[in-house]
Amino acid sequence: MTVIVNDHGFAPEDTRTIAADLSSDFDPKGITAELLKQRSIRITLDSFADGRGFTLAARFRQNGYRGHLRLAGHVLADQYTMARRSGFDDVEIPQDLAARQPESQWLARADWRAHDYQSRLRRPTGASQHNVEKPQLNFCL
């Protein structure tokens, strides 16, 4: 059994039919027009240290894929934000992993749009997004 994780936390196991099941070592050159027409694609990671699935999801989205992308396998709660930003709609994890990483850990990363470190670096603390002066950089040589 597996657990589906989305922006609202744990969801019941999805009965969605997966049209294409790919591993993270799938060659992005193999993204064909036929694959881009599929309703749902699952990309499976064999290890939480394997980032190729994130790159693959981004490639699918860059190539115009509009269907449902699911990340499955060995995924950590800390990786949820990256999964969503790279184009995945949800994550599928084994129940034993869900027991070790409870829903609260996944929900802590569910607001994946708000915790963008690059945006925080570009604006001073307390400044609104719309009213930011560009910082002056002074270098001494």
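Refer to the preceding data block for the structure.
Note that the structure is a prediction, hence the values are computed from the model and not measured. (Residues numbered from 1 in each chain as written. Predicted model: local features only at pLDDT ≥ 70, side-chain atom pairs only at ≥ 80, totals over all residues. Heavy atoms only, no water.)

### Remarks on the environment of Arg-84
Structurally, Arg-84 is set in helix 3 (residues 80-86). When its relative accessible area of 14% is taken as the criterion, Arg-84 is described as buried. Spatially, the C-alpha atoms of Arg-84 and Ala-58 are 10.0 Å apart, while their sequence positions differ by 26 residues. In this structure the side chain of Arg-84 is engaged in a polar contact, spanning 3.0 Å, whose partner is the side chain of Asp-7. Within polar-contact distance, the side chain of Arg-84 engages the backbone oxygen of Phe-88 at 2.8 Å. (Helix = DSSP H or I, 4+ residues; strand = E, 2+ residues; numbered from the N terminus. Buried < 20%, exposed > 50% of the residue type's maximum accessible area, 1.4 Å probe, protein only. Polar contact = N/O pair within 3.5 Å; in protein donor to acceptor, adjacent residues only side chain to side chain.)

### A few points about the sheet that holds strand 1 (residues 2-6)
If you walk across this open sheet you meet the six strands as 2-1-6-5-4-3, and the pairing is mixed. The open sheet has two free edges, formed respectively by strand 2 (9-11) and strand 3 (20-23), since each of these has just one partner strand. Strand after strand, the sheet turns through a mean of 30° between neighbouring axes, direction not considered. One ladder, built from six bridges, connects strand 4 (residues 40-45) with strand 5 (residues 68-73); its direction is parallel. Bridging from a neighbouring strand, Leu-45 pairs with Gly-73 of strand 5. Packed on one face of the sheet, helix 2 (residues 52-62) meets strand 3, strand 4 and strand 5 and runs near 160° to strand 4. (Pairing = 2+ DSSP bridges. Axes fitted to C-alpha atoms, helices over the stretch in contact; angles between N-to-C directions. Contact = heavy atoms within 4.5 Å.)

### Some thoughts on the packing of aromatic side chains
The geometry of an aromatic ring pair comes down to the distance between the two centres and the angle between the two planes. Applying the stated rule across the entire model yields three aromatic pairs. With centroids separated by 5.8 Å and ring planes inclined at 70°, the aromatic side chains of Phe-60 and Tyr-65 adopt a geometry described as edge-to-face. The buried category is assigned to Tyr-65, whose relative accessible area is 1%. Judged by centre distance (6.2 Å) and plane angle (80°), the ring pair of Tyr-80 and Trp-106 falls under edge-to-face. Of this pair, Tyr-80 sits in helix 3 while Trp-106 is found in helix 5 (residues 103-107), placing the two residues 26 residues apart along the sequence. In this pair, the class of Tyr-80 matches that of Trp-106, namely buried. (Phe/Tyr/Trp six-rings, centres within 6.5 Å; stacked < 30°, edge-to-face > 60°.)

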